Amino acid sequence: MSEAEGKPEGAAPAAPEAELAAIPKSLKRAQKPKGKAPAAPEPEPEFATSIFAVKTSIGHERTVADGIAAKARREKNVELYSILAPAPMRGLVFIEGRNPDRLTDLVKGVKRARGMVRARGSEDPKDSVIPLKEIEHFLEPKPLVSGIVEGNIVEITQGPFKGEKARVITIDESKEEITVELIEAMISIPITVRGDAVRVLEKEEGEEGGESSA
């Protein structure tokens with residue numbers, strides 16, 4: 001019987017040994033990772049929202065505040081929430097934010113800004129945090145007539161009588177208005193203005209704790 005006649009009908013032809021050997025190698029190559037897997041980026045440190053102080057040139061506090069605000073609008077991921085430039089405070093601006101490192105970079109290059117305030121002997125931006133209790137008195141709104149008493153000599157700073165000197169006659173704290181009389185006017189006519197429309201020039205005698213003369 002010939003070799004062909006000895007094979008059972010329907011049997012599949014045997015695969016060449018070269019193909020059988022190539023199959024597991026090709027599968028192994030496909031499963032092998034190519035190159036080294038990139039390392040996962042380290043998470044950034046978490047910071048709590050805090051208040052920081054920025055040193056400025058004297059008299060340029062508002063300029064620095066405006067400069068920081070303008071730069072923050074151009075930057076990304078700064079996390080700057082508010083800026084405070086209190087009128088009585090000279091040489092300082094307060095900023096509220098999260099990441100002190102990014103805030104330090106933000107302040108750099110701002111005109112008239114001299115950098116973040118640091119704790120003495122420390123270079124760590126986290127040591128710049130200002131406790132809220134130290135500035136919260138700046139956050140409390142004061143009446144417009146605060147610091148004005150009857151008899152004060154004031155200068156009108158707004159309106160048609162701007163530049164005129166006047167004497168305070170009455171104060172209406174509920175409306176935050178004062179009534180004054182112009183000193184140099186020929187006819188004494190009472191004028192009512194807002195408390196923020198005048199600047200005190202002279203205080204009533206005895207107001208500073210001394211007794212007024214009889």
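For the structure itself, consult the block above.
Report follows, based on the coordinates. These figures come from a predicted structure and were not determined experimentally.

**Focus: the side chain of Glu 61**
Structurally, the position occupied by Glu 61 is in helix H3 (residues 61-74). Put simply, Glu 61 is tucked away with no salt bridge, and the nearest opposite charge, on Arg 90, sits 5.3 Å away. Here Glu 61 is in contact with Thr 56, Ala 85, Met 89, Arg 90, Gly 91, Leu 92 and Val 93, once residues within four sequence places are set aside.

**So, the nonpolar core**
Note on soluble globular proteins: their nonpolar side chains tend to be buried together. Grouped together as the largest cluster of nonpolar side chains are 15 residues, with contacts concentrated most on Val 54, Ile 68, Leu 80, Ile 95, Leu 103, Leu 106 and Met 116. Going through the elements one at a time, strand E1 (50-56), H3, strand E3 (92-97) and helix H4 (100-107) are the ones with two or more residues in this core. Take this core: its biggest share by element is four residues, from H3. Ranked by size, the runner-up nonpolar core spans 13 residues in total, among them Val 145, Val 180, Ala 197 and Val 198.

**So, the sheet that holds strand E7 (residues 177-182)**
One open sheet holds the five strands; their spatial order is E8-E7-E6-E5-E9, and the pairing between them is antiparallel. If you trace the sheet from one side to the other, it starts and ends with strand E8 (190-194) and strand E9 (198-202), each paired once. Geometrically, the sheet is characterised by an average inter-axis angle of 45° between neighbouring strands, direction not taken into account. Sheet analysis places strand E5 (residues 153-156) next to E9, joined by four bridges and oriented antiparallel. By the bridge assignment, Ile 153 is partnered in E9 with Glu 202.

**Some points on the pairing of E8**
On E8, burial follows the alternation: Ile 191 and Val 193 on one face are buried, whereas Pro 190, Thr 192 and Arg 194 on the facing-out side are not. In the sheet, E7 pairs with E8 via five bridges, with the strands oriented antiparallel. If you follow Glu 177 over to E8, its bridge partner there is Arg 194.

**Notes on the packing of H3 against H4**
The N-to-C vectors of H3 and H4 enclose an angle of 115°; their axes lie 9 Å apart at closest approach. Between H3 and H4, the crossing angle belongs to the class labelled roughly perpendicular. Here H3 and H4 pass one another in a crossing that is right-handed. For the pair H3 and H4, contact is made by Ile 68, Lys 71 and Ala 72 and by Asp 105, Leu 106 and Val 107, respectively.

Basis of the calculations
Residues numbered from 1 in each chain as written. Predicted model: local features only at pLDDT ≥ 70, side-chain atom pairs only at ≥ 80, totals over all residues. Heavy atoms only, no water. Helix = DSSP H or I, 4+ residues; strand = E, 2+ residues; numbered from the N terminus. Buried < 20%, exposed > 50% of the residue type's maximum accessible area, 1.4 Å probe, protein only. Lys, Arg positive; Asp, Glu negative; His and termini not counted. Salt bridge = Lys/Arg side-chain N within 4 Å of Asp/Glu carboxyl O. Contact = heavy atoms within 4.5 Å. Core = buried A, V, L, I, M, F, W, Y, C linked by side-chain atoms within 4.5 Å. Pairing = 2+ DSSP bridges. Axes fitted to C-alpha atoms, helices over the stretch in contact; angles between N-to-C directions. Parallel < 35°, antiparallel > 145°, perpendicular 65-115°, else oblique. Left-handed = near helix turned anticlockwise from the far one by under 90°.

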